[in-house]
Amino acid sequence: MADKLNIITQNLQEVLNEQIIKHVIEVEQRPLKIYWGTAPTGRPHCGYFVPMTKIAHFLQAGCHVKILLADLHAFLDNMKAPLDLVAYRVKYYERIVKSMLTSIGVPIDKLTFVVGSTYQLSEKYTMDIFRMSSLVTQNDAKRAGADVVKQVESPLLSGLIYPLMQALDEQHLDVDAQFGGVDQRKIFVLAEEYLPPLGYKKRAHLMNPMVPGLTQGGKMSSSDPNSKIDLLDNAKTVNKKVASAFCAPGVVEGNGLIAFVEYVLLPVSKLSVTNIGDEKLLVEKEAKFFIDRPEKWGGPIEYSSIEQLKEDFASEKLSPQDLKQGISDALNKLLDPIREEFHNDPSFRELEAKAYPPPVVAKQAKKKEKVLGSKYLEAMEAKKKRETEKTLGAAATGDSVDEVAANVLETRITE
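Residues numbered from 1 in each chain as written. Predicted model: local features only at pLDDT ≥ 70, side-chain atom pairs only at ≥ 80, totals over all residues. Heavy atoms only, no water.

Q: Can you walk me through the overall build of the protein in this structure?
A: Within the protein, the secondary structure is distributed over 17 helices and 10 strands. A buried classification covers 46% of the 415 residues belonging to the protein. Counted over contacts in the protein with a minimum sequence separation of 6, partners at least 24 positions apart contribute 72%. Counting only carbon and sulfur atoms, one obtains 53% of the accessible surface of the protein, whose full area is about 22,000 Å². (Helix = DSSP H or I, 4+ residues; strand = E, 2+ residues; numbered from the N terminus. Buried < 20%, exposed > 50% of the residue type's maximum accessible area, 1.4 Å probe, protein only. Contact = heavy atoms within 4.5 Å. Areas by Shrake-Rupley, 256 points an atom, 1.4 Å probe, with all protein chains shown as cover.)

Q: Explain the sheet that holds strand β5 (residues 177-181) to me, please; I cannot follow it from the model alone.
A: Two modes of strand pairing occur in sheets, parallel and antiparallel, and in both the strands are linked by backbone hydrogen bonds. Read across the sheet, six strands follow the order β1-β6-β5-β2-β3-β4 without closing on themselves; strand pairing throughout is mixed. One side of each edge strand has no neighbouring strand; the edge strands of this open sheet are β1 (14-16) and β4 (111-115). The mean angle between the axes of side-by-side strands here comes to 25°, regardless of whether they run parallel or antiparallel. Where β1 and strand β6 (residues 204-208) come together, three bridges link them in antiparallel fashion. Note on β6: the bridge partner recorded for Glu14 is Met207. (Pairing = 2+ DSSP bridges. Axes fitted to C-alpha atoms, helices over the stretch in contact; angles between N-to-C directions.)

Q: Whenever I open this one, the pattern of salt bridges confuses me. Can you help?
A: When their charged atoms lie close together, side chains carrying opposite charge are able to pair. Applying the stated criterion across every chain, the model contains 17 salt bridges. In this structure, Glu18 engages Lys22 in a salt bridge whose closest nitrogen and oxygen atoms are separated by 3.8 Å. With Glu18 and Lys22 both in helix α2 (residues 18-28) and four residues apart, the pair spans about one turn of that helix. Among the ionic pairs, Asp140 bridges to Arg143, the shortest N-O distance being 2.4 Å. Taken together, the residues Asp140 and Arg143, both in helix α8 (residues 138-144) and three residues apart, mark about one turn of the helix. The exposure class of Asp140 is buried, given its relative accessible area of 18%. It is possible to trace a salt-bridge network through shared partners that takes in Glu28, Arg30, Asp176 and Lys201. (Salt bridge = Lys/Arg side-chain N within 4 Å of Asp/Glu carboxyl O.)

Q: Honestly, helix α9 (residues 158-172) in this entry has me stumped. Any pointers?
A: Residues spaced three or four apart along an α-helix point in a common direction, a consequence of the helix completing one turn every 3.6 residues. The first and last C-alpha atoms of α9 sit 20 Å apart over 15 residues, in line with the 21 Å expected at 1.5 Å per residue. Of all 15 residues making up α9, 11 are buried, and the element is well covered by its neighbours. When we look at burial in α9, the residues that qualify are Ser158, Gly159, Tyr162, Pro163, Leu164, Met165, Gln166, Ala167, Leu168, Asp169 and Glu170. Residue Asp174 follows α9 closely and has a positive phi angle near 55°. (Expected span 1.5 Å × (residues − 1).)

Q: In this structure, what is going on with helix α10 (residues 185-194)? I would like to understand it.
A: Looking at α10, one finds that the buried residues are Ile187, Phe188, Leu190, Ala191, Glu192 and Tyr194. On the buried face of α10, the contacting elements are β1, α7 (123-133), α8, α9, β5 and β6.

Q: Even after reading the chapter, I still don't get the packing of aromatic side chains, so can you show me in this structure?
A: For any pair of aromatic rings, geometry is given as the distance between the ring centres together with the angle between the planes. Following the criterion strictly, the structure yields six aromatic pairs and no others. Between Tyr92 and Tyr356 the ring centres are 5.5 Å apart and the planes differ by 80°, which places this aromatic pair in the edge-to-face class. Linking Tyr92 in helix α5 (residues 83-103) with Tyr356 in the loop between α15 (346-355) and α16 (375-396), this pair joins segments that are 264 residues apart in sequence. An aromatic cluster is built from Tyr92, Phe342, Phe348 and Tyr356, whose rings are joined through pairwise contacts. The ring of Phe113 carries Lys98 above its face, with NZ or CZ at 5.1 Å from the centroid. (Phe/Tyr/Trp six-rings, centres within 6.5 Å; stacked < 30°, edge-to-face > 60°. Lys NZ or Arg CZ within 6 Å of the ring centre and 35° of its normal.)

Q: Mind showing me how you'd approach the layout of surface pockets here?
A: Space left empty within the atom packing is revealed by a probe, the size of a water molecule, rolled over the atoms. Estimates place the volume of the second largest pocket at around 440 Å³. In terms of lining, the second largest pocket is formed by 15 residues, of which the most central are Leu265, Ser269, Lys288, Ala330 and Lys333. Counting residues per element, the ones that place at least two in the lining of the second largest pocket are α12 (256-270), β9 (289-291) and α14 (320-344). Take the lining of the second largest pocket: its biggest share by element is five residues, from α14. Here the residues of the lining of the second largest pocket are counted per class, giving seven nonpolar, three polar and five charged. (1 Å grid on protein atoms, 1.4 Å probe; cavity = no way out; pocket = protein on both sides within 12 Å on 5 of 7 lines; lining within 4 Å. Points joined across faces, edges and corners; volume = space filled by probe spheres on them. Nonpolar A, V, L, I, M, F, W, Y, C, P; charged D, E, K, R; others polar.)

Q: Explain the confidence of the model for the protein here, please?
A: Fine structural detail should not be taken from predicted coordinates in areas where pLDDT scores are low. In this model, the protein carries a mean pLDDT of 86, and residues with pLDDT of at least 70 account for 80%. The model gives residues 394-415 a pLDDT under 50, and that stretch makes 14 contacts with residues more than four places away or in other chains. (pLDDT = per-residue confidence, 0-100.)

Q: What exactly am I supposed to notice about unusual backbone geometry here?
A: Negative phi values dominate among residues other than glycine, just as trans dominates among peptide bonds. One non-glycine residue, Asn17, adopts positive backbone phi at about 60°. Residue position: Asn17 is located in the loop between β1 and α2. Phi is positive for Asp174, which is not a glycine, with a value near 55°. Mapped onto the elements, Asp174 comes out in the loop between α9 and β5.

Q: So what exactly am I meant to see when it comes to the nonpolar core here?
A: Buried together is how nonpolar side chains tend to be arranged in soluble globular proteins. Membership of the largest hydrophobic core comes to 111 residues, with the highest contact counts inside it found for Phe49, Phe289 and Leu323. Here this core gets 10 residues from one element, more than from any other, and that element is α12. Not counting residues up to four positions away in its chain, the partners in contact with Phe49 are Met100, Ser103, Ile104, Leu231, Val264, Leu334, Leu335 and Ile338. (Core = buried A, V, L, I, M, F, W, Y, C linked by side-chain atoms within 4.5 Å.)

Q: Sorry if this is basic, but what is going on with the side chain of Asp233 here?
A: Tracing the chain through its elements places Asp233 in the loop between β6 and α11 (235-243). A relative accessible area of 12% means that Asp233 is categorised as buried. Here the side chain of Asp233 touches Asp230 through a polar contact of 3.0 Å, landing on its backbone nitrogen. A polar contact of 2.8 Å, which involves the side chain of Asp233, links it to the side chain of Lys241. (Polar contact = N/O pair within 3.5 Å; in protein donor to acceptor, adjacent residues only side chain to side chain.)

In structure tokens, the structure reads:
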């Protein structure tokens, strides 16, 4: 029993209500039911491997895992994804998540994928939103979503509904625990506080750390292209992004590359699949992170623990250049199956194109009057000059005003 709990909670930054997990495992003696939700907005990036490794751990511990594709949340988050694209992005996220898990050897036959709108538009769910909104203050809802919902100067009401729905999902998905990043903590606390007054039980909450981005400060984010590596980036692009990542010599704290080794590359290297009859089970093997270091700098080196890697880096026995080389090699190996599947499957490529069409650049209407200095204005100025000269000439010969006007009109028509 203790082994299951250790597997479920390893590499997490924080666990709330761990006693709920223990009760399910030790007293009820049944599989823990847990869900992880993701709003299909921007393209998933390599930071998504962090929750993928934890999903692998949950499956390894015999948990029943649901993956929520939160389409309505994607729309509510300050209109990040228009509704006409959300449907395609839901399908793309499911496809890419399955591809990621398969690439690290995780059997996906026991996963359940749920699209949020399939139950979030029901009468019961809608009534629960009304009931919760009568309890939660505007300030509490805003504070709960502060680290998750995009913050703008004039926030929309949709951003206040978002955390209420995420709390209610725990009840309507019938789970014992919710898993997410530590940036979700305020929403988890909201759920613990307001589900019981509605007559619903508290859930446990498991939080993975947020992997720092490639730039200095901040997390790896879809909205910041410089902070992330896309899952479909080619090897050359991956190498370039890793090579240019911020990585100060001897500095371990806040180092996004070391965090990626700790929370993705080492845990992934420990995963192994064994067949017992017709069933595939995940087991652990020794962790390995290999760096093909040149002989003149000490030769190849392999790490089995993050503590040793951090110690070597802090003492500058391991240079940023060598760390980056090892990460590039390991990451490209991790991404190869995903890239291969994408390039070999036309339906995968078509889905990606529909989910993320190129931005439409609005064509400016052609105007007759162009910017000053254009050939058009120069021609107009020349025309006006000719008309003026004819007018002055007519006036000098004594022509009437009407005759002068007629001459000008004739000039315009013939030109």
